[in-house]
Number of protein chains: 2
Amino acid sequence: MYVSLDRAAPVPLYLQLKDHLRRKIEEGILPPATRLPPTRELAAELGVNRITVVNAYAELEAEGLVTGQVGRGTFVSLPASLADQAGKSHPPADRYGWQTAFLVAGKVSANLMMRDMLSLANQPGIISFAMGSPAADLLPAQDFRQALNVVLRREGTRALQYDLPEGCGELRTALSAYLAKQAVPAAEDEIMITSGSQQAIHLVTEALLRPGDTVITESPTYLGAIDAFQAHGIHIAGIPVDGEGLQFPLLERLIRQHRPRMIYTIPTFHNPTGVTLSVERRHALIDLARKHDLLILEDATCNELRYEGRALPTLRSLDKDGHVVYAGSFSKTFLPGLRVGYLVASGHIFRRLLSAKQTDDLHTSPLLQLALAHYMANGQLAQHIQRMCAVYRERRDVMLEAMARFLPARTRWTIPHGGLCLWVTLDPPVPTTHLYLKAIEHGVAFALGSVFYPAGQSGSHFRLNFSAHSPETVREGVRRLGKTLKSMA
Amino acid sequence: MYVSLDRAAPVPLYLQLKDHLRRKIEEGILPPATRLPPTRELAAELGVNRITVVNAYAELEAEGLVTGQVGRGTFVSLPASLADQAGKSHPPADRYGWQTAFLVAGKVSANLMMRDMLSLANQPGIISFAMGSPAADLLPAQDFRQALNVVLRREGTRALQYDLPEGCGELRTALSAYLAKQAVPAAEDEIMITSGSQQAIHLVTEALLRPGDTVITESPTYLGAIDAFQAHGIHIAGIPVDGEGLQFPLLERLIRQHRPRMIYTIPTFHNPTGVTLSVERRHALIDLARKHDLLILEDATCNELRYEGRALPTLRSLDKDGHVVYAGSFSKTFLPGLRVGYLVASGHIFRRLLSAKQTDDLHTSPLLQLALAHYMANGQLAQHIQRMCAVYRERRDVMLEAMARFLPARTRWTIPHGGLCLWVTLDPPVPTTHLYLKAIEHGVAFALGSVFYPAGQSGSHFRLNFSAHSPETVREGVRRLGKTLKSMA
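Residues numbered from 1 in each chain as written. Chains lettered and ligands numbered in written order. Predicted model: local features only at pLDDT ≥ 70, side-chain atom pairs only at ≥ 80, totals over all residues. Heavy atoms only, no water.

### Re the overall build of chain A
Link 1 in the chain: Of regular secondary structure, chain A possesses 18 helices and 16 strands.
Link 2 in the chain: Compactness check: chain A gives a C-alpha radius of gyration of 24 Å against a globular reference of 23 Å for 489 residues, within 12% of the reference.
Link 3 in the chain: Across its three principal directions, the C-alpha atoms of chain A cover 70 × 55 × 50 Å.
Link 4 in the chain: In chain A, which comprises 489 residues, the share counted as buried stands at 61%.
Link 5 in the chain: When contacts within chain A are restricted to residue pairs at least 6 apart in sequence, long-range pairs at least 24 apart make up 74% of them.
Link 6 in the chain: When the accessible surface of chain A is summed, it comes to about 18,500 Å², and 52% of that surface belongs to carbon and sulfur atoms.
Link 7 in the chain: The averaged location of the 46 negative side-chain charges in chain A is 2 Å from the averaged location of its 51 positive side-chain charges. (Helix = DSSP H or I, 4+ residues; strand = E, 2+ residues; numbered from the N terminus. Rg over C-alpha atoms; globule rule 2.2 N^0.38 Å. Buried < 20%, exposed > 50% of the residue type's maximum accessible area, 1.4 Å probe, protein only. Contact = heavy atoms within 4.5 Å. Areas by Shrake-Rupley, 256 points an atom, 1.4 Å probe, with all protein chains shown as cover. Lys, Arg positive; Asp, Glu negative; His and termini not counted. Charge placed at Lys NZ, Arg CZ, Asp CG, Glu CD.)

### What about the interface of chain A and chain B?
Link 1 in the chain: Counting residues at the interface gives 68 residues for chain A and 68 residues for chain B.
Link 2 in the chain: Interface area for chain A against chain B, summed over the two sides, is near 5,600 Å², with a carbon-plus-sulfur share of 54%.
Link 3 in the chain: Contact with chain B buries surface across chain A, with A:L160, A:Y162 and A:T359 losing the most and accounting together for 13% of the total.
Link 4 in the chain: Counting across the chain A and chain B interface gives four salt bridges.
Link 5 in the chain: In this structure, A:E41 engages B:R351 in a salt bridge whose closest nitrogen and oxygen atoms are separated by 2.7 Å.
Link 6 in the chain: Counting across the interface, chain A meets chain B through 25 residue pairs in polar contact (both at pLDDT 80 or more).
Link 7 in the chain: Looking at the side of chain A that touches chain B, the elements with two or more residues in it are α2 (39–46), α6 (110–121), α7 (141–155), α9 (196–208), α10 (223–231), α14 (347–361) and α15 (366–377) of chain A.
Link 8 in the chain: In the side of chain A that touches chain B, the residues fall into 26 nonpolar, 24 polar and 18 charged. (Buried area = accessible area lost by both parts, 1.4 Å probe. Salt bridge = Lys/Arg side-chain N within 4 Å of Asp/Glu carboxyl O. Polar contact = N/O pair within 3.5 Å; in protein donor to acceptor, adjacent residues only side chain to side chain. Nonpolar A, V, L, I, M, F, W, Y, C, P; charged D, E, K, R; others polar.)

### Considering the environment of A:N49
Residue and element names in this part refer to chain A.
Link 1 in the chain: On the secondary structure map, N49 appears in the loop between α2 and α3 (50–62).
Link 2 in the chain: Placed 345 residues apart in sequence, N49 and E394 show a C-alpha to C-alpha distance of 56 Å.
Link 3 in the chain: From its side chain, N49 meets the backbone nitrogen of I51 in a polar contact 3.1 Å long.

### Quick word on the nonpolar core
Link 1 in the chain: By size, the foremost hydrophobic cluster in this structure holds 242 residues, and its most contacted members are A:L353 and B:L353.
Link 2 in the chain: Element by element, the count of residues in this core is highest for helix α16 (residues 380–406) of chain B, at 12 residues.
Link 3 in the chain: If near-sequence neighbours (up to four positions away) are discounted, B:L353 is found in contact with B:M192, B:L203, B:V204, B:A207, B:L208, B:V325, B:L343 and B:A345. (Core = buried A, V, L, I, M, F, W, Y, C linked by side-chain atoms within 4.5 Å.)

### Concerning the sheet that holds strand β10 (residues 324–329) of chain A
Residues and elements named next belong to chain A.
Link 1 in the chain: Ordered by their spatial adjacency, eight strands build an open sheet running β4-β11-β10-β9-β8-β5-β6-β7, and the pairing between neighbours is mixed. Looking at strand neighbours, the two that pair on one side only are β4 (191–194) and β7 (245–246), the edges of this open sheet.
Link 2 in the chain: With three bridges joining them, strand β5 (residues 214–219) and strand β8 (residues 262–265) adopt parallel strand pairing. In the sheet register, I216 faces β8, and the bridge partner there is I263.
Link 3 in the chain: Sheet strands touched by helix α11 (residues 250–258): β5, β6 (235–242), β7 and β8. Its angle to β6, the strand with the most contacts, is close to 170 degrees. (Pairing = 2+ DSSP bridges. Axes fitted to C-alpha atoms, helices over the stretch in contact; angles between N-to-C directions.)

### Things to note about the side chain of A:T432
Link 1 in the chain: Within the secondary structure, A:T432 sits in helix α17 (residues 432–441).
Link 2 in the chain: Sequence-distant contacts of A:T432, that is, excluding residues within four places in its chain, are made with A:L426, A:F446, A:L448, A:G459, A:S460 and A:H461.

### Some remarks on the sheet that holds strand β13 (residues 421–425) of chain A
All names here are of chain A.
Link 1 in the chain: One open sheet accounts for four strands, arranged β12-β13-β16-β15; its pairing is antiparallel. Pairing within the sheet leaves two strands with one partner each, and these edge strands are β12 (412–413) and β15 (447–448).
Link 2 in the chain: In the sheet, β13 pairs with strand β16 (residues 461–465) via five bridges, with the strands oriented antiparallel. Residue pairing for β16: W423 is matched across the bridge by R463.
Link 3 in the chain: In the packing of helix α16 (residues 380–406) onto the sheet, the strands contacted are β12, β13 and β16, and the crossing angle to β13 comes to about 15 degrees.

### Things to note about helix α7 (residues 141–155) of chain B
Link 1 in the chain: The end-to-end C-alpha distance of α7(B) is 21 Å, a good match for the 21 Å that 15 residues give at a rise of 1.5 Å each.
Link 2 in the chain: Within the sequence span of α7(B), burial applies to B:A141, B:F144, B:A147, B:L148, B:N149, B:V151 and B:L152.
Link 3 in the chain: In this fold, the buried residues of α7(B) make contact with α7 and α15 of chain A together with α15 (366–377) of chain B.
Link 4 in the chain: Looking at the residues trailing α7(B), positive phi occurs at B:G156, about 60 degrees. (Expected span 1.5 Å × (residues − 1).)

### A few points about the relation of the copies chain A and chain B
Link 1 in the chain: Superposing chain A onto chain B takes a rotation of 180 degrees combined with a translation of 0.0 Å along the rotation axis, leaving an RMSD of 0.1 Å. Taken together, the turn and the small shift mark the pair as related by a two-fold rotation axis.
Link 2 in the chain: In this assembly the copies share their binding face: 99% of the residues contributing to the interface of chain A also contribute to that of chain B. (Least-squares fit on C-alpha atoms with pLDDT ≥ 70 in both.)

### Let's talk about the domain arrangement of chain A
Residue and element names in this part refer to chain A.
Link 1 in the chain: Taken domain by domain, chain A comprises domain 1 (13–88), domain 2 (141–382) and domain 3 (387–488).
Link 2 in the chain: Computed over C-alpha atoms, the centres of domain 2 and domain 3 are 27 Å apart.
Link 3 in the chain: Taken together, the contact between domain 2 and domain 3 spans 23 residues of the former and 20 residues of the latter.
Link 4 in the chain: Carbon and sulfur atoms supply 61% of the area that domain 2 and domain 3 bury against each other, a total of about 1,900 Å² over both sides.
Link 5 in the chain: Summed over the three residues of domain 2 that lose the most area to domain 3, namely P272, Y307 and E308, the buried surface amounts to 36% of that side.
Link 6 in the chain: There are two salt bridges connecting domain 2 and domain 3.
Link 7 in the chain: Here R396 ties to E308 by a salt bridge, and the two come within 2.5 Å at their closest N and O atoms. (Domains from an automatic or database assignment.)

### Describing helix α8 (residues 169–181) of chain A
All names here are of chain A.
Link 1 in the chain: Taking 1.5 Å per residue as the helical rise, α8 with its 13 residues ought to reach 18 Å, and the 19 Å between its terminal C-alpha atoms agrees with that figure.
Link 2 in the chain: Along α8, the positions that sit buried rather than exposed are L171, R172, A174, L175, S176, Y178 and L179.
Link 3 in the chain: In the core, the buried residues of α8 are packed alongside β4, β10, β11 (341–344), α14, α15 and α16.
Link 4 in the chain: Phi turns positive one or two residues past the end of α8, at A183, with a value near 60 degrees.

### Overview of the packing of aromatic side chains
Link 1 in the chain: Here the structure, examined in full by the defined rule, presents 20 aromatic pairs over all chains.
Link 2 in the chain: Pairing A:F229 with A:Y264 gives two aromatic rings, centres 5.6 Å apart and planes at 75 degrees, and the pair type is edge-to-face. With a gap of 35 residues between them, A:F229 in helix α10 and A:Y264 in strand β8 connect regions that are remote in the sequence.
Link 3 in the chain: Overall, A:F229 belongs to the buried group, its relative accessible area being 0%.
Link 4 in the chain: Looking at A:Y264, the relative accessible area reads 0%, which means it is buried.
Link 5 in the chain: Between B:Y436 and B:F446 the ring centres are 5.8 Å apart and the planes differ by 75 degrees, which places this aromatic pair in the edge-to-face class. Linking B:Y436 in helix α17 (residues 432–441) with B:F446 in the loop between β14 (444–445) and β15 (447–448), this pair joins segments that are 10 residues apart in sequence. Accessibility classification places B:Y436 together with B:F446 in one group, the buried group.
Link 6 in the chain: The rings of A:F144, A:F334 and A:Y375 are connected pair by pair, giving a single aromatic cluster. (Phe/Tyr/Trp six-rings, centres within 6.5 Å; stacked < 30°, edge-to-face > 60°.)

### A short note on the pattern of salt bridges
Residues and elements named next belong to chain A.
Link 1 in the chain: One pass over the full model with this rule turns up 44 salt bridges over all chains.
Link 2 in the chain: Close ionic contact of D287 with R290 constitutes a salt bridge, the shortest N to O distance being 3.5 Å. Linking D287 with R290, this pair stays in helix α12 (residues 279–292), spanning three residues, or about one helical turn.
Link 3 in the chain: We classify R290 as partly exposed; its relative accessible area is 38%.
Link 4 in the chain: Through salt bridges with shared partners, a single ionic network connects E308, R393, R396 and D397.

### Section: the state of the cysteines
Residues and elements named next belong to chain B.
Link 1 in the chain: Using the criterion set out here, one finds zero disulfides over all chains in the structure.
Link 2 in the chain: Residue C302 stays outside any disulfide, its sulfur separated by 7.2 Å from that of C421, the closest cysteine.
Link 3 in the chain: Of the cysteine sulfurs around C389, a residue in no disulfide, the closest is that of C302, at 10 Å. (Disulfide = S-S within 2.5 Å.)

### Structural notes on the environment of A:R7
Link 1 in the chain: Along the chain, A:R7 turns up in the segment before α1 (13–26).
Link 2 in the chain: The spatial distance from the C-alpha of A:R7 to the C-alpha of A:Y326 is 50 Å, given a sequence separation of 319 residues.

The structure is reproduced here in structure tokens:
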């Protein structure tokens, strides 16, 4: 419920709703041209009669605050002062205004934030550092097109038929070899193809956890994992991270306190902070898992994107007891829109996950799997990743330079040795939801730090992606960000 | 647990396990060349120490019943009498032997049955009527390849990027028009793209039901729905079907008794029986849903595949209150391996499903969605379906003729007006799990009737698919089935 209505109050509900919406419009939280939700939807959302919403909208219209457009919906009117500027460089608010409103209303939802980030990524005139996307200008689309054509000619209809839930043998074989090169032990029959690593997290949650269980995560951590755990009624106990990853000995204390069933961790190029768990802590984590019989979900989404230093042993490689489920993805190293990821697990854990995969969506498209296997077997994926690492290293460095130049002197940030994002801390603290809206006005977007905290802490943080845009665009985006921060000082 | 071990018995566990496996081998339930499960996996499955399994296997090996192959596993030995025939027309048992063993052990699992069906479909020498697949020889692979190429050239990298969870606008627009032609009310923003209709069922279960809830289904019903409901701890109350679909007034009695939250139904070309719910019962069902405030999940997977008669109104089109979630698929009308389906829902129900979709796997591949949208917008899908209806009608008729000719006189079957399957009832009853194994020996496979019953009733039924194979193959498969039945008489 995003609007608090008081059924006991003498003011009718429709007027309460109208007042609430008017405030939001006057405060700019619902900016001009924002489309209000359809009356039927809002009524359902608020648990009120539809006529209540219709009346509230009619009142707003009578006051000139909104206008109805036949067949399109109800929109926040342009104030006279702004009407002149309409259609200029301002982003069309229609697509994300209403969600952003939810953010400001204090109900920061991971789910809505993800929508917002997706929408912003496609807004003309906005440089978005919000999504954790690979380089948009260098996606190997034509190479993949060739791989698709080869597979459809060679395999014929097999690529378009039903298949087994664990995935295609070709891709599992290719992945087993690919992971062996990274010293990740993964026999072909321990690998399951998923619809992105998001599905791997979902499957682990669904198949191995029960509502009421507790999971320990880094705090902050990946948005989609928070979403998956919370949607299944899992409690999250967050542990702060420092420069070497999640903090010991706080971890052991939390384990005793919460008796969690699982630790979800992103040990390498942690999302959102970019830090990497030290070797010593990796060993200690495995020891703790053994001691307390905990499952570990190791999110290795960005492992291959290392720009300096040596690879550290994965938790999966240190594990001797089958405590670790390893989740990987092609979304960061190759193409996000394939929705192909994988998990590595052993024994009965693997079988439970497999059963959940079959229940959820039978299997992932064999066409995409086989094309990917072809691309990998050719050695093209390894080459592509090598190329991208050089590109991303440069973009990271450009962002670091631009931040030093354009951001206020006391601003701090992490310097990740890999991955796609870094983490910024403002000093003195600034209310970041307000900053978020201001930044969009200045034509730049970031991921709001607060959404990465399982307990929804606020705090003066945000995440910047450095990989998606060209160096020039990265520099320009950081410049706009600096300008936004100065405008708020 | 598939093996019953008695921890209190004086016989050591490893010998109990050995005896159990020896019996299965001697009875042919674990046929020659079957790979036994890895020791670690079986130990985990049975909750015993791994050494117990290792010892049991060693005992079997000492008796010459199994042989170990380094790096490959432990296999049931070929008896001297059979060793000569090895490698001939017999299907390699390796891929499905162990699962089939589970079936015979009396633990018929929907999940394992689906694996079995998939494996059988690819066994050389077996004509499988088990899967509900479209015509394998007529899949429009090349047309789809063209669509993929057009999309990748025209859209560039957009098809390969992250997208919104509800799916691509192009496909939702195309679907809205496509459904309008079938008189299914579905505005673009009421349509969500899913990874097959299996995911639609899963999302409804996950987002709108709670463990302990009851769902009413036809009995028998779709295997994957049973699986999804049971995996989420949903109780299933089954209602028998007659020639007009699910039986009234039993339905109302069950509603009063179980206070279900939802009715899951396949009103048109019901899976597995092929019957269609009459118009009167459709109206009555909607009235009941309104009266008892029940959700209806209308599985419309085969709706477009009608070979005679007029289309009946969908439940979605009769619904005035948003009680119906409508689930459709391209797996039967187009390509199973795309894993693209959709659901239609309204208001807050839509939003809850959308939120679950995002949590589960972010979104379905935009590349596949856009190619499909291109194919639909060209009118190719409608043409393809029209062509296929003529083909399937012929194949159905060929199967009906062959059954009349080859099956025992008192065997009965349904005559569906559409869809891909029909339902056979044996008279006198025959133990169908035994028949299932015998049929595979004779080079033909079907879907075991018992797996479609939510409560796991046995009964002398099985499902035959008539669409996947050419008329000649359909005839030959039914001939083999007749031979199998005679061999058991």
